[in-house]
Amino acid sequence: MLALISAIGFGIAAGGLVGAIATGDPLYTITWSIAFAIASIVGVFAAVGTFARGMRAAASDPERQTGELALARVESIRRTGFTVNDQPQCEIQLTVAPRHRPPYTTAHRQIVDIVELPQLQPGSVIVVRRPDAEKANVLLELSPPEDWAGLRDAERLRTGDERTVPLASQATAWASEPQTLSGAPRVKRPARPWRRLLFAGAFVAAAALVLVPAYDSIARTAQAWASGNPDAAGVVLGNRHQEIVDALAAETGGTQFVRIGFYDGYAIAAAPSAPGALTIDTYQFRYDRTERQGPELIQPDDPAAALFDADEVDFSRIPEHIATAAAHAGIDDPDSVIVVVDRALIADQAGARPVEVMVMLDSTYEDASVVIDPETGEVLR
């Protein structure tokens, strides 16, 4: 269960990372960083649980109690660098002298309690158990039965040809099969392909669900890059201006606005705090969602006169107005574009303050502000 939860967590983290890269949305950044941390912690617990189960299974393995006992001599011992609860895993070179086959040398790896290390110094004679007579693998028996303890002690006193355990140079090498951390031969588990499929499916499903809100944004980004114009995935240079205004109108509860500004990755609008109100709030469209940001810092002196109806402006013509402004200013490839739609500050001859589109262009060596009539598309100034 913990492994499945970890797979889901890593799937959420992967989806959040893709979403953060594709959209820049900080919510995705928060999502993937938290999910990765939780999935890592749960994964560690899952691995520890698997290890603990393996240790318990090895300790209760009948072969550990029923295998053939034999004398062995420690030729060398070294740490592998791996520890569990500060207990080191050691690789021990042994010369083993079974009763019913020729002596052999082999390498044995096992987690060793530090209080047992003095018994495993080079030259020490110990008792080992051979769980499988057909394999070189052994298990350390540092607290052997009394009769074998006597044989071990007697062997420690023998020298020369009296030894039961010959010199390592007189024995053949026989490699042990892979071992668990407890030193027991590693048992091959039955293949469970369904388990891998379950974890992979959980990972993919979690990642896909996290990315559901960003599917449109990711698709737009991919399409813009494929077309060779990545800026088209943004707000001001894209083609979703009417869609963005509709989203802002849904957030404000009406189509009356004081100002709507389109920027590279977001749009900002000033509109009544409630339909019919004369207090003005700021609203933002970003990461494909809208939000009220609070009161406008500078309230207009005459809010009623500053309001215009967004339904009377064709926002789908914004790309056309940007092209007109660029041609008028002679800036073919601006580094930055900002478009603001609001009423003129100065009334015209009829005494009205018409709605205008101001396009601000900025490049390395020059900048320009061009005001355009949204109805006719003509440059006003």
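To be clear, the structure that these remarks concern was listed above.
The structure reproduced in this document is the subject of the present report. Quick caveat: nothing in here was measured; it's all calculated off a predicted structure. (Residues numbered from 1 in each chain as written. Predicted model: local features only at pLDDT ≥ 70, side-chain atom pairs only at ≥ 80, totals over all residues. Heavy atoms only, no water.)

Counting secondary structure elements, the protein contains nine helices and 15 strands. Expected size for 381 residues packed as a compact globule is a radius of gyration near 21 Å; at 38 Å, the protein overshoots this value by more than 25%. Considering only C-alpha atoms, the protein reaches an extent of 125 × 45 × 35 Å along its principal axes. A buried classification covers 38% of the 381 residues belonging to the protein. (Helix = DSSP H or I, 4+ residues; strand = E, 2+ residues; numbered from the N terminus. Rg over C-alpha atoms; globule rule 2.2 N^0.38 Å. Buried < 20%, exposed > 50% of the residue type's maximum accessible area, 1.4 Å probe, protein only.)

Here we take up unusual backbone geometry. A positive phi angle, near 55°, is found at Asn85, a position not held by glycine. Positive phi is not limited to glycine here, since Tyr287 has a value of about 55°. Summarising the element assignment, Tyr287 is placed in the loop between β10 (280-286) and β11 (289-295).

Another point: helix α5 (residues 193-211). For α5, which comprises 19 residues, the first-to-last C-alpha distance of 27 Å matches the rise-based estimate of 27 Å (1.5 Å per residue) to within 8%. Residues of α5 that are buried: Ala202, Ala206, Ala207, Val210 and Leu211. With its buried residues spanning 160° around the axis, α5 presents them on a single face. Summarising the geometry of α5, the exposed residues directed more than 90 degrees from the buried face are Pro193, Leu197, Val204 and Leu209. (Expected span 1.5 Å × (residues − 1). Arc of directions from axis to C-beta.)

Across the sheet, which stays open at both edges, the seven strands sit in the order β11-β10-β9-β8-β13-β14-β15 with antiparallel pairing between neighbours. On the outer flanks of this sheet lie β11 and β15 (367-372), each paired with one strand and no other. Here the strands of the sheet are splayed against their neighbours by 15° on average, with no regard to which way each runs. Here strand β9 (residues 266-272) pairs with β10 via seven bridges, running antiparallel. When the bridges of β10 are listed, Ala269 appears paired with Tyr283. Where helix α7 (residues 241-252) meets the sheet, its contacts fall on β8 (259-262), β9, β10 and β11, and the angle it forms with β10 comes to roughly 135°. Taken strand by strand, helix α9 (residues 318-329) contacts β13 (336-343), β14 (355-362) and β15, and its axis lies near 55° from that of β14. (Pairing = 2+ DSSP bridges. Axes fitted to C-alpha atoms, helices over the stretch in contact; angles between N-to-C directions. Contact = heavy atoms within 4.5 Å.)

As a further point, take helix α6 (residues 215-226). Between its first and last C-alpha, α6 extends 16 Å over twelve residues, near the 16 Å set by a 1.5 Å rise per residue. Every buried residue of α6 is accounted for by Ser217, Thr221 and Ala224. The buried side chains of α6 occupy one side of the element, clustering within an arc of 65° when seen end-on. Seen from the open side of α6, the exposed residues pointing more than 90 degrees away from its buried face are Asp216, Gln223 and Ala226. In this structure, the buried side of α6 is in contact with α1 (2-23). In the stretch just after α6, Gly228 is the one whose phi turns positive, near 85°.

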